[in-house]
Amino acid sequence: MSQQFPPPDQQPNPGYGYPPPGQPQQPGYGYPPSPQPKKSNAGKIVGFSCLGVVGCVVLLGIIGALLGDESNDKTKETAAPPAAASSQPAKSPEAKPSSAAPEKKPAVEVVAKKAEFKKSIIAQDGAYTSVSVTITNNGSKSINVNPLYFAITDTNGTKHPAELGADEDQIATVELAPGENVTGSITGKGAFAPKTVTYTDGLIGKAVRTDVS
């Protein structure tokens, strides 16, 4: 059997698996090598796409959290003034110290009350009317107290001078220092209804009048 060779235009290409001339043909020779399968990049593209989506989601979450914190801070700052304003009316006006000045006491304070007449051994016969008087020195200087410095005015407007020594409880003749007081009786001659008592320091000083209770 004669060996057949392909036509000249179909000579095997030594670079495609044909043996060089003069050597026997080996099985598999005469055909170009099979092309190697190309690696597909589709998996990489899908993987990168998934990572990009996840990264975008995480980034959006971080941005949202930051914006949320800023929004909460602004909301708290905006809400703070109304809270302070709402606490303002809670203050009670009664808690404020009173601006009114305390009532100033008079330098000489006289209090007079009706009293029972107690006849002394030097009192003359006849009717007498006594009034119990308490005098207090609220001033900064001493004052003098004497039964002759008092007078009683009755409900008819008649003024009765003090009768010396008629009542056993007659007010004493003393000098009152600041803050001191003394109590005693002032007696007028006759039976009458006492209305007011007047005290004058030294007879020519300022008169102090008080109602008889």
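Provided above is the structure to which this section pertains.
Cut-offs and rules
Residues numbered from 1 in each chain as written. Predicted model: local features only at pLDDT ≥ 70, side-chain atom pairs only at ≥ 80, totals over all residues. Heavy atoms only, no water. Phe/Tyr/Trp six-rings, centres within 6.5 Å; stacked < 30°, edge-to-face > 60°. Helix = DSSP H or I, 4+ residues; strand = E, 2+ residues; numbered from the N terminus. Buried < 20%, exposed > 50% of the residue type's maximum accessible area, 1.4 Å probe, protein only. Salt bridge = Lys/Arg side-chain N within 4 Å of Asp/Glu carboxyl O.

A complete count under the given rule lists two aromatic pairs for this structure. Ring geometry for Phe117 and Tyr128: centres 5.0 Å apart, planes at 20 degrees, overall stacked. With Phe117 in the loop between strand S1 (108-115) and strand S2 (128-137) and Tyr128 in strand S2, the pair connects residues that are eleven residues apart, well separated along the chain. By relative accessible area, Phe117 is classed as partly exposed at 22%. Using a relative accessible area of 12% as the deciding quantity, one classes Tyr128 as buried.

Once that is clear, we can look at the pattern of salt bridges. All chains considered together, the criterion is met by two salt bridges. Here Asp169 ties to Lys118 by a salt bridge, and the two come within 3.1 Å at their closest N and O atoms. Linking Asp169 in the loop between strand S5 (159-161) and strand S6 (174-176) with Lys118 in the loop between S1 and S2, this pair joins segments that are 51 residues apart in sequence. On the basis of relative accessibility, which here comes to 36%, the residue Asp169 falls in the partly exposed class. Exposure remark for Lys118: the relative accessible area of 39% places this residue in the partly exposed category.

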